[in-house]
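Here are the chains, one letter per residue:
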Amino acid sequence: MEEGRRAQDNTHPYRCVPCNITFQGVRPFLNHHRNVRIPHTPPIQCSECLLNYEHLTSLVRHIKDVHYAEPAQGPGQEEPPEDPPEENADLEEMDGGEENQAEGEAEADSNSDYSADDGENNHPIDLSKSAGRMVLNLRQTGTITTSMIQRCQEECFHMMQEVAASIRQEVKKFFIQENINTPASRAFIKGIAVEDPFQRIKTLKQQLNYFSKELGLVKPVTKFLDYRIDYRLNSQSGQYEPVRTIMSFEYIPVIESLTLAMRNARVRTLIETEQLESPDGVLRSYLDGRRCKDNPLISRHPRIIRLQLYWDDVEVCNPLGSKTSIHKIAAFYFSIQNLPAVESSQLSSIYLLALAYSEDLKGPGRFEKILAPFLSDLRKLESEQGVVILLLNEDAYCLRATLTTLCADTLAAHEILGFLSPSARCFCRRCMVTRAQFRANMNVVAERRTKETFEAHAAQARIPGNSTLTGVKKGCPLHLSTAFDATKDAVFDIFHDLLEGVAHWVVSLALRSFILKDKYFTLSDFNGRISAFNYGVPDIKNKPSANFTDESLKGSKLKQTGSQMWCLIRVFGFLVANVPEDDKNLRLVNLLQSILLIVFAESIRPDDIDRLERLIEEHHRLFQELHVNNTVNVFNEDEFENEEQDVDNPDGQEQENDGQNREINDAAGDSDDSDENNLRADGQRPQRVVYKEVKVHARNKLHHMTHLPDEIRDHGNLVRYWCARYEARHQIFSRYGSVCCNFINIVKSMAQMHQLSTLSGLLKTNFRAEDIELQDPVKMPLMSSDHRDILTASGIDQASVVETVQAAGIAGETFRSGLFVILDASAPTFALIQHLYVFNNIVYLIVLPWRTVSFKRRYCAYEVKCEAGMQPIAVRHDALPQHGALGPWNPWNMRTVHVAPRTIIF
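Report on the accompanying structure. All values derive from a computational prediction rather than experimental measurement.

**So, the overall build of the protein**
For the protein, the count of helices and strands is 32 helices and 26 strands. Taking all 906 residues of the protein together, the buried fraction comes to 50%. When the accessible surface of the protein is totalled, it reaches about 42,900 Å², and 49% of it is carbon and sulfur.

**Describing the pattern of salt bridges**
Going through the model one piece at a time under the given rule, you end up with 32 salt bridges. A salt bridge links R266 to E343, with the nearest nitrogen and oxygen atoms 3.4 Å apart. You can see R266 sitting in helix 11 (residues 265–272) and its partner E343 sitting in helix 14 (residues 341–344), a full 77 residues away along the chain. Since its relative accessible area comes to 3%, E343 is described here as buried. Salt-bridge contacts for E359 lead to K362; the nearest nitrogen and oxygen are separated by 3.2 Å. Residue class for E359 comes out partly exposed when judged on its relative accessible area of 44%. Salt bridges sharing partners connect three or more residues here, namely R290, R430, R448, D610, E613, D710, E711, R713 and D714.

**Overview of unusual backbone geometry**
Non-glycine residue N179 carries a positive phi angle of around 60°. Along the polypeptide, N179 turns up in the loop between helix 7 (146–177) and helix 8 (183–190).

**Notes on the nonpolar core**
Ranked by size, the top nonpolar core spans 178 residues in total, and within it L417 and F733 carry the most contacts. With 15 residues, the single largest contributor to this core is helix 20 (residues 494–517). When neighbours within four sequence positions are excluded, L417 is seen to be in contact with L406, R429, F454, K474, G475, C476, L478, F484, A486 and A490. Core analysis: the next-biggest nonpolar cluster, separate from the first, contains 15 residues, A831, I833, L836 and L880 among them.

**Things to note about the packing of helix 7 against helix 8**
Axis separation between helix 7 and helix 8 bottoms out at 9 Å; the angle between their running directions is 165°. The pairing of helix 7 with helix 8 is recorded here as roughly antiparallel in orientation. Two packed elements cross with a definite hand, and for helix 7 against helix 8 that hand is left-handed. Seen from helix 7, the contacting residues are R168, V171, K172 and F175; seen from helix 8, they are S185, F188 and I189.

**Quick word on the environment of F733**
Inspection of the secondary structure puts F733 in helix 30 (residues 731–739). Distance from F733 to T143, taken between C-alpha atoms, is 9.5 Å for residues 590 residues apart in sequence. Sequence-distant contacts of F733, defined by excluding residues within four places in its chain, comprise V314, V316, I329, A331, Y333, L352, L355, M750 and H754.

**Concerning helix 10 (residues 254–262)**
Of all the nine residues making up helix 10, eight are buried; the element is thus mostly covered by neighbouring parts of the structure. Turning to helix 10, its buried residues number three or more, namely V254, I255, S257, L258, T259, L260, A261 and M262.

**As for a nonpolar patch on the surface**
Residues I229, Y231, L233 and Y240 make up a contiguous nonpolar surface patch of roughly 510 Å² in combined accessible area. A per-element tally of the nonpolar patch places strand 5 (residues 221–233) first, with three residues. Within the element layout of this structure, I229 appears in strand 5.

**Thoughts on the sheet that holds strand 6 (residues 240–251)**
Strand order in the open sheet made by the seven strands is 5-6-9-8-7-12-13, with mixed pairing throughout. Strands with a single pairing partner mark the edges of an open sheet, and in this sheet they are strand 5 and strand 13 (490–491). Pairing between strand 5 and strand 6: twelve bridges, direction antiparallel. By the bridge assignment for strand 6, D230 is matched with V243. Packing of helix 10 onto the sheet brings it into contact with strand 6, strand 7 (305–315), strand 8 (328–336), strand 9 (350–357) and strand 12 (401–407), and relative to strand 8 it is tilted by some 45°. Helix-sheet contacts for helix 16 (residues 410–417) involve strand 7, strand 8, strand 12 and strand 13, and the interaxial angle to strand 7 is about 115°.

**What about the environment of K541?**
Checked against the element boundaries, K541 lands in the loop between helix 22 (536–539) and helix 23 (562–575). What makes K541 exposed here is its relative accessible area of 79%. With 26 residues separating them in the primary sequence, K541 and C567 have C-alpha atoms 9.8 Å apart.

**Brief notes about the pairing of strand 9**
Counting buried positions along strand 9 gives eight out of eight residues, so the element sits mostly inside the fold. Bridge analysis of strand 6 against strand 9 gives two bridges, and the strand direction is antiparallel. Of the residues in strand 9, the one forming a bridge with Y251 is A354. Pairing between strand 8 and strand 9: seven bridges, direction antiparallel. Residue pairing across strands places A330 opposite A356, the latter belonging to strand 9.

Conventions we followed
- Residues numbered from 1 in each chain as written.
- Predicted model: local features only at pLDDT ≥ 70, side-chain atom pairs only at ≥ 80, totals over all residues.
- Heavy atoms only, no water.
- Helix = DSSP H or I, 4+ residues; strand = E, 2+ residues; numbered from the N terminus.
- Buried < 20%, exposed > 50% of the residue type's maximum accessible area, 1.4 Å probe, protein only.
- Areas by Shrake-Rupley, 256 points an atom, 1.4 Å probe, with all protein chains shown as cover.
- Salt bridge = Lys/Arg side-chain N within 4 Å of Asp/Glu carboxyl O.
- Core = buried A, V, L, I, M, F, W, Y, C linked by side-chain atoms within 4.5 Å.
- Contact = heavy atoms within 4.5 Å.
- Axes fitted to C-alpha atoms, helices over the stretch in contact; angles between N-to-C directions.
- Parallel < 35°, antiparallel > 145°, perpendicular 65-115°, else oblique.
- Left-handed = near helix turned anticlockwise from the far one by under 90°.
- Patch = residues over 30% accessible without salt bridge, like charges linked within 9 Å, V, L, I, M, F, W, Y side chains within 5 Å.
- Pairing = 2+ DSSP bridges.

Structure below.
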C-alpha cells in the first residue's frame, strides 16, 4: 500500500484553484506555491471537494488521505478509518501552524510519512545547556545585572512548570477519553515534570565555574601589585586610621586565552590559511612590511600567532558625575594579527589581557609588575618548544606566539615604552628631533632612534638631566620579547593623530579664513549646508553635527568625533563649493584629503607611499606658510587631552597672545547673523568675533605625519593598527558601570563581564565574511524576472528560483539600489546598482556602468557620467574589487563619488 501511495504522488493531478493550473504530482504543485510571484493567501481550496484549508500541508495531507485511489485489498483486510478533513486541519494547527509549514512542505517533498520518526528527538535534551547559553547571551550585552538575571531565571522556571502542568492535564484527559488506566500510563503522567535547569548557574560564581568547566571560559586571576595607605574607620575608636591596603590587578592568562581561541575551528582555519605575503608587492598586512622580514621567529615559524598589544584608560562611571577618575581603570588588550581584517575588527576578536585601577599605575615599576605575568607566558610561547595544548578532539597542537606591535595613543605609548611625556624637548619616539627644530621646519626628520640607542639612553637616564636630552626616562619592559623594538613597533595611531587632531586644526583654520576673512559664506550658511547635505546610506550614521560656532574658528578642536571628522573631510569640498579652487586654505584641505585616503587604505602600493611622502611635505610647507608662527600659540592645550603641552611657553603666555590676536566688536556688521537688530535678553548686541590673522605653533601630531610613510613600509596598511576598534571594546565596561551599583573591587567585576562576553563571541561557528543579511527577500522563478537574460548569462540555470531583495548586508557592508560600486579599481570604473538578486548565497548586483570623466581635485572625487547605449550587467558580490558601496556625495546632483586616485582600496 505504501508503494502505491508513493506512486500516486507522482501521478495524481493537483490543481491550483486561483491559477487554474493542473500539475502532475505533488512536487510540481508544491514548487508552484513556493515560487508563485503573487503568493496565495489562505484559505487554500481543494479543487476536488472545495474544502478550505489554512495551510498547504493540510491540503496535501487531505488529498493523500481522501482523494488518492486506494489499491485493491486482499481478503480479510479492513479498510482503515477515514478522518474528517476538518479534524486533520485542526490537528495541523495544533502541531505548530505556520511555524511548522516549511517543515511539513519538506516532508511532503521527500514523500515521507508524517508519523515517521526522523531520529532528531531520540537524543536526550539537556535543558541545563540551553539555560547556560541563555545566561551567557544575556551577559554578553553588559547591561544586565546578576540580580536581574536571577529574576529572569525564576520567571522562566515558573513558566516551564506551568507548561509541564498543562501537558499533564492534556495527557491525562486523553488517557481518560481513551479509557487507558494502567500503571505505565500513571507513571507516564507522573513523569511529565521539569527540573530547574538554572540550579547550577544562579549566582555569578556558579556561572563562572559552569562556563569554565563546560565551555572553557578563562577566568581572571588576581595578582598582587603593591601596597598603599588607605584610611578606614576604627569601630572601637570611631576614628579613621591609616591602614596598609593591598593593591591588585586582574590578569587573564594569555596562554589559556589563545588555547580557547585555537579550539574554535573557525579561528584555527583562518590562521592556518592566512596568505603569507602578497605576490604583487602590494602592502596589505604586517606580513608585507619590513619588520616581518626582520623578525627571526616569523622566519622560522611562518604560522606563528602574532599578537598586537593595546592599553588605555577607560572611565566606567558617568564622566559628569562625582566619582569621575575614582573608578577609572586601565585596560590592556591583545588581538591576533593573523586573522583577516573583517574578522579581527569584530569586538569578540579583542581579548582582555589585564585590568587595573589607573591610580595604581602611578608608581615606579608598576607597569613592569602588571606586564610580568604576560611576558612570562610570552617567553614560553616564543620558545622553540612552544606550548603544547589539546584541542577539542584531543589532538595535540603546538602553540606559538610573539608580540609584534603596540597600539596606543601618544600619551599611553610613551608611558608604557619608557619615553618622557609628549611635552618633552625630544618628543618623538621615532627620531631625536627637538621641538625647536620642528618649529623651524615642520618637515625635519632627525637621527633615527634604534633599539641599541634606546637602551643606551635608558641606562643614561639614571643620571639627572640626561632624560631631558634624550627623551627616555627608563627601559622598555616589552623588550623582554624576542623581536619587539620600542622605536619601531609602537605604531602611531592615525585615528587620534589625524581624525582627532590634524583634521580639526586644518578645518577650523580654513573655515576661519573662508568666513571671517574672505566672507564666502557665514557660519549659519555652513551649518545649514551640513544639515541639508545628502550623505546617503553608508555615511548617515557618521554625518557631522551642525554645531559650528565662533569658538570653532579659533584653530581649536571641533565638537566632532573622529568618525564625524572622517565624513566631514571627505565631503568638505561640496560644503564650500563657492570657494575658488585656487584658494590656499582649500588646497590645504585637499592635500589632507589625499593623505587620509592613502593612509586609511586597506591596500597600498609602493608608489603610493612615495606619493604620500610628497603630499605630506607639501601639506606641511603650506600649513607652515599659512598658519605657523614661532612666537605665538593660540591653541588651548587643555582641549587636546594634555598630551602635548608646550613647556617652552610660560604660564599665561597663551592667554595673553590669544587676546592680542582677537578683537571683540559689538557692532560688527559682518557677523554670521544677518539680523542686525538681534539683541540679547539684556538689550545689548551679542559680541562678534572679527577676523584677525591667527598664527599657531606646530604640534606633535603634525610631526608624526612625517613618519607615516616609513610606518607603512615597516608594518603595512596602518588602518589595521588604529585604536578605534579597541576603544569600542570599552563599551561593555561603560554599559556595565552604568547599571552596576556595587563598585567594591570593580576591576574584578569588569574583568568577569568581559570574559563572559568574549566567550559568547568565540562560540560562533560562522565567518563574519560569510554573513549575508537580506532585506525583504521574495522568491521567484528566474524566468519571471525582468533581468532573466542578464542572470542567465551569468551562469544561473533558467529553471532556478532566485530571491529579489531590497538591500543586502555583506560582512557589514550594505548594498542597495541607488549606490555606486567600483567595477575596476585601476581605471577606476563605477557602476550604479539597479537591482539585487540572491542565488545560492551569492548576491548578484544588476549594475549600469558609468563613464569616468575626470578627477576633480577641489572635491577630491571623480566625476562620472551616464551615457546613452550602456546596458546593465550582472556582477557577483565576491567579484568586486572591494566590499562596500559608495553613496551620493553631492547635493547639487553632480554624479560624483569619493575615491582616492592611485590607491587600491578606496
